[in-house]
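# Chain and residue survey
In case you want the letters, here they are:
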Amino acid sequence: MATATAKAVQRLHFNLPPLPYPEDALEPVISAETLSLHHGKHHKKYVDTTNELLAKADMRGSTLEDVVRSSQGKLFNNAAQAWNHAFYWQSLSPKAAAPSAAMRQRLERDFGTYESFVDKFAAAAIGQFGSGWAWLVDKDGKLEVIATPNADTPMAHGVRCLLTIDVWEHAYYVDYRNQRERYVQAVIEKRLNWEFAEKNLK
Ligand SMILES: [Fe+2]
């Protein structure tokens, strides 16, 4: 049947994006074991489940962002987690680097000082009850720090994301056990990808 064929051709399918660096590139802050499990098992599962659900859904659009913005329930949870994780890998860098002068100026304009931003970002990540994410976002031209529970993502609400930290236990339990604050502080201090943040801002 022509209709069925057309539908089959249009069916959405997403691939697990490769990590933008080797699995051991974030050591000692995040171990290769964590990255292997987190990307190869957790992130992969979200992508696979999204594809399974899309195979049964009548979903329009062409991008993962489209799916996240137009879905709810199980499909939203899996598609948003697929998107959040791809964004998280890019939010991290193998090299410890400070924000550029321009980025630092923006942080100082909207948070007062760079240190004040760091305190707010750490507090949002450490203070998120249960699973979730901490974000640096650009909301209507102003930089803000927010936290979202479970799979929720600012992108679904039309807010521009600049950086994120995953605070689901699977992100840090192998390396830090229950000490989320040590993971968060090490990531903020040594592994944030400020070039990525600045690119997202433009
Ligand atoms: Fe995760």
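Here we come to the confidence of the model for the protein chain. Residues at a pLDDT of 70 or more form 95% of the protein chain, whose mean pLDDT is 94. Low pLDDT, under 50, characterises residues 1–9; the stretch is placed with one contact to residues that sit more than four places away or in other chains.

The protein atoms that coordinate the iron ion are His-38 (NE2), His-85 (NE2), Asp-166 (OD) and His-170 (NE2), at distances spanning 1.9 to 2.1 Å. Around the iron ion sit four donor atoms; with metal-centred angles ranging over 90 to 128°, the donor geometry is tetrahedral. The sequence pattern formed by the donor residues of the iron ion is H-x46-H-x80-D-x3-H. Here His-170 lies in the loop between β3 (160–166) and α7 (173–176) and His-85 lies in helix α4 (residues 73–91), a separation of 85 residues in the sequence. Here His-85 matches His-170 in class, with each residue buried.

Looking now at helix α6 (residues 114–127). Compared with the 20 Å implied by 1.5 Å per residue over 14 residues, the 20 Å span of α6 between its first and last C-alpha is a close match. Of all the positions in α6, only Tyr-114, Phe-117, Phe-121, Ala-122, Ala-124 and Ala-125 are classed as buried. Around the axis of α6, the buried residues are gathered within 160° of arc, so they sit on the same side. Exposed side of α6, more than 90 degrees from the buried face: Asp-119 and Gly-127 are the residues found there. Here the buried face of α6 lies against α5 (101–111), β1 (132–139), β2 (142–149), β3, α8 (180–190) and α9 (194–201).

To continue, consider the packing of aromatic side chains. With the rule as written, the count across this model stands at 14 aromatic pairs. Geometrically, the ring pair formed by Trp-83 and Trp-135 is stacked, given 6.5 Å between the ring centres and 25° between the ring planes. With a gap of 52 residues between them, Trp-83 in helix α4 and Trp-135 in strand β1 connect regions that are remote in the sequence. The exposure classification of Trp-83 matches that of Trp-135, with both residues buried.

Mapping Asp-48 onto the fold places it in helix α2 (residues 32–56). Through-space distance from the C-alpha of Asp-48 to that of Ala-79 is 9.6 Å; in sequence the pair is 31 residues apart. In this structure the side chain of Asp-48 is engaged in a polar contact, spanning 2.7 Å, whose partner is the side chain of Lys-44.

The full count for this structure, using the stated rule, is six salt bridges. Of the charged contacts in the structure, one is a salt bridge between Arg-106 and Asp-110, with a shortest N-O distance of 3.9 Å. Residue Arg-106 and its partner Asp-110 are located together in helix α5, separated by four residues, close to a single helical turn. Its salt-bridge partner being Asp-138, residue Arg-160 comes within 3.6 Å of it at the nearest N-O pair. Residue Arg-160 is located in strand β3, and its partner Asp-138 is located in strand β1; the two are separated by 22 residues in the primary sequence. Among the residues examined, Asp-138 registers a relative accessible area of 13% and is labelled buried. A single salt-bridge network, built from bridges that share partners, covers Arg-104, Glu-108 and Glu-115.

All right, on to the side chain of Gln-81 then. Tracing the sequence through the fold places Gln-81 in helix α4. Within polar-contact distance, the side chain of Gln-81 engages the side chain of Asn-84 at 3.4 Å. The contacts of Gln-81, once residues within four sequence positions are left out, are Tyr-46, Phe-76, Trp-133, Asn-150, Ala-151 and Trp-168.

As a further point, take the environment of Trp-133. Relative to the assigned elements, Trp-133 resides in strand β1. Taking the C-alpha atoms as reference, Trp-133 lies 20 Å from Pro-17; in sequence the two are 116 residues apart. In terms of polar contacts, Trp-133 uses its side chain to reach the backbone carbonyl oxygen of Asn-150, at 3.1 Å.

What counts and what doesn't
- Residues numbered from 1 in each chain as written.
- Predicted model: local features only at pLDDT ≥ 70, side-chain atom pairs only at ≥ 80, totals over all residues.
- Heavy atoms only, no water.
- pLDDT = per-residue confidence, 0-100.
- Contact = heavy atoms within 4.5 Å.
- Donors = N, O, S within 2.8 Å, 3.2 Å for Na, K, Ca; no water.
- Tetrahedral: all angles 85-135°; square planar, octahedral: opposite > 155°, others 65-115°.
- Helix = DSSP H or I, 4+ residues; strand = E, 2+ residues; numbered from the N terminus.
- Buried < 20%, exposed > 50% of the residue type's maximum accessible area, 1.4 Å probe, protein only.
- Expected span 1.5 Å × (residues − 1).
- Arc of directions from axis to C-beta.
- Phe/Tyr/Trp six-rings, centres within 6.5 Å; stacked < 30°, edge-to-face > 60°.
- Polar contact = N/O pair within 3.5 Å; in protein donor to acceptor, adjacent residues only side chain to side chain.
- Salt bridge = Lys/Arg side-chain N within 4 Å of Asp/Glu carboxyl O.

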